[in-house]
Amino acid sequence: VYWRDSLNNKVIDPLTGKDKLDYGNPTGDPDFSMGQRGNVPGNNIVGQLYSDESRTDIKNVVVVPYLEAKFLKNFTFTTRLNASYTNVYSMDYTNRTHGILKDKGQLSQSSQNFFSYTWNQQLSYQKKFNDVHELTVTGAHENYYFNTGYIVGTISGFPTDGFREFDIATGTPI
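Just so we're clear, the structure is a prediction, and the values are computed from it rather than from any experiment.

## Let's talk about the overall build of the protein chain
Link 1 in the chain: When helices and strands are tallied, the protein chain shows one helix and five strands.
Link 2 in the chain: Within the protein chain, buried positions represent 25% of all 174 residues.
Link 3 in the chain: Here the protein chain has roughly 12100 Å² of accessible surface; of this, 56% comes from carbon and sulfur atoms.

Structure representation (C-alpha cells):
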C-alpha cells in the first residue's frame, strides 16, 4: 500500500508531506517499489479512498391527507390520499491520476424518480332500529397510480481532477 525504500522504510511524498502511496507498476517502470501488479495495475485501495468519490442522495416526501364528512343524519363520506415521491441520485467518480482510468477519469451519474398514490373514497350508511338492531351499508372505490423514471450517464476524458460535471469531459459518453 505504501511506497518503501530499499531498507523497507516508508517514503514521504514531497507533494503531500504524507506517506507516499505505491500504485504498483502498470508500465514496467522500475521506479516502483512494489513492482507490477497483475490483477489491478496502477491501483491503490487507500489512495482511491482519497481520490475517488461515490455518493447517493435520497429524497422522499410522503403526504397523507384525510377528510371525513357526515351528512343527512346517517351518511358518512371519507376520503384518503396517500402520495409518495422519492428521488435517488447517485454519482461515482474515478480519478484520472492513478489506476485503470489513468489520464482519463470517469464520471457516472444516475437519477431515479418514483411517484405513486393511492386514493380511496368510502360512503357509509348507518341506521339503528329500536336500539337493538343496526344496519351498516358501505360502498368504496380506490384509485392507484405508480410511475418511475430513470436516467443514467457515464463519460470519461477529464482534463484534470476535480471536475464532477459531464460538459467538461472530452470523451464520448458511454
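Read on, since the account is not over.
## Here's the deal with a nonpolar patch on the surface
Link 1 in the chain: Judged by side-chain polarity, Val61, Val63, Tyr85, Phe115 and Tyr145 come together as a nonpolar surface patch covering roughly 420 Å² of accessible area.
Link 2 in the chain: Structurally, the position occupied by Val63 is in strand S1 (residues 53-63).

## Concerning the environment of Ser90
Link 1 in the chain: Inspection of the secondary structure puts Ser90 in strand S3 (residues 75-94).
Link 2 in the chain: Among the residues examined, Ser90 registers a relative accessible area of 17% and is labelled buried.
Link 3 in the chain: The residues contacting Ser90, other than those within four sequence positions of it, are Arg55, Thr56, Ser108, Gln109 and Ser110.

## A word on the packing of aromatic side chains
Any aromatic ring pair is given by two values, namely how distant the centres are and how the planes are angled relative to each other.
Link 1 in the chain: Summed over all chains, the structure comprises six aromatic pairs.
Link 2 in the chain: Relative to Tyr145, the ring of Tyr117 lies with its centre 5.6 Å away and its plane at 25°, an arrangement referred to as stacked. A residue pair is termed long-range when its members are at least 10 positions apart, and Tyr117 in strand S4 (residues 106-129) and Tyr145 in strand S5 (residues 133-156) qualify at 28 residues.
Link 3 in the chain: With a relative accessible area of 26%, Tyr117 lands in the partly exposed category.
Link 4 in the chain: Given a relative accessible area of 35%, Tyr145 falls into the partly exposed group.
Link 5 in the chain: When the ring centre of Tyr2 is taken as origin, the NZ or CZ atom of Lys10, which lies over that ring, is 4.3 Å away.
Link 6 in the chain: In this arrangement the basic side chain of Lys20 is found over the ring face of Trp3, its NZ or CZ atom lying 4.1 Å from the centre.

## Considerations on the nonpolar core
Link 1 in the chain: Counting six residues, the largest nonpolar core consists of Tyr89, Met91, Tyr93, Leu107, Ile155 and Phe158.
Link 2 in the chain: Counting residues per element, this core draws most heavily on S3, at three residues.

## Some words on the side chain of Thr86
Link 1 in the chain: Within the element layout of this structure, Thr86 appears in strand S3.
Link 2 in the chain: For Thr86, a relative accessible area of 17% puts it in the buried group.
Link 3 in the chain: Look past the residues within four positions of Thr86 in its chain and what remains in contact with it is Ile58, Lys59, Asn60, Gln112, Asn113 and Phe114.

## Thoughts on the environment of Gly162
Link 1 in the chain: Examined against the element boundaries, Gly162 turns out to sit in the segment after S5.
Link 2 in the chain: In sequence terms Gly162 and Arg96 are 66 residues apart; their C-alpha atoms lie 9.5 Å from each other.

## A short note on the pairing of strand S2 (residues 66-71)
Link 1 in the chain: In this sheet, S3 lies alongside S2 in antiparallel orientation, the contact comprising six bridges. Residue Phe71 lies in a different strand from S3, and its bridge partner there is Phe75.
Link 2 in the chain: Two successive antiparallel strands, S2 and S3, enclose a turn made up of three residues, where Leu72 displays a positive phi of approximately 50°.

## Re the pattern of salt bridges
When the charged atoms of two side chains lie near each other, side chains of opposite charge can form a pair.
Link 1 in the chain: One pass over the full model with this rule turns up three salt bridges.
Link 2 in the chain: Notably, a salt bridge pairs Lys10 with Asp19, separated by 3.7 Å at the nearest N-O pair.
Link 3 in the chain: In this structure, Asp57 engages Arg55 in a salt bridge whose closest nitrogen and oxygen atoms are separated by 3.3 Å.
Link 4 in the chain: When its relative accessible area of 36% is taken as the criterion, Arg55 is described as partly exposed.
Link 5 in the chain: Sharing partners across several salt bridges, the network here consists of Glu53, Arg55 and Asp57.

Parameters at a glance
- Residues numbered from 1 in each chain as written.
- Predicted model: local features only at pLDDT ≥ 70, side-chain atom pairs only at ≥ 80, totals over all residues.
- Heavy atoms only, no water.
- Helix = DSSP H or I, 4+ residues; strand = E, 2+ residues; numbered from the N terminus.
- Buried < 20%, exposed > 50% of the residue type's maximum accessible area, 1.4 Å probe, protein only.
- Areas by Shrake-Rupley, 256 points an atom, 1.4 Å probe, with all protein chains shown as cover.
- Patch = residues over 30% accessible without salt bridge, like charges linked within 9 Å, V, L, I, M, F, W, Y side chains within 5 Å.
- Salt bridge = Lys/Arg side-chain N within 4 Å of Asp/Glu carboxyl O.
- Contact = heavy atoms within 4.5 Å.
- Phe/Tyr/Trp six-rings, centres within 6.5 Å; stacked < 30°, edge-to-face > 60°.
- Lys NZ or Arg CZ within 6 Å of the ring centre and 35° of its normal.
- Core = buried A, V, L, I, M, F, W, Y, C linked by side-chain atoms within 4.5 Å.
- Pairing = 2+ DSSP bridges.

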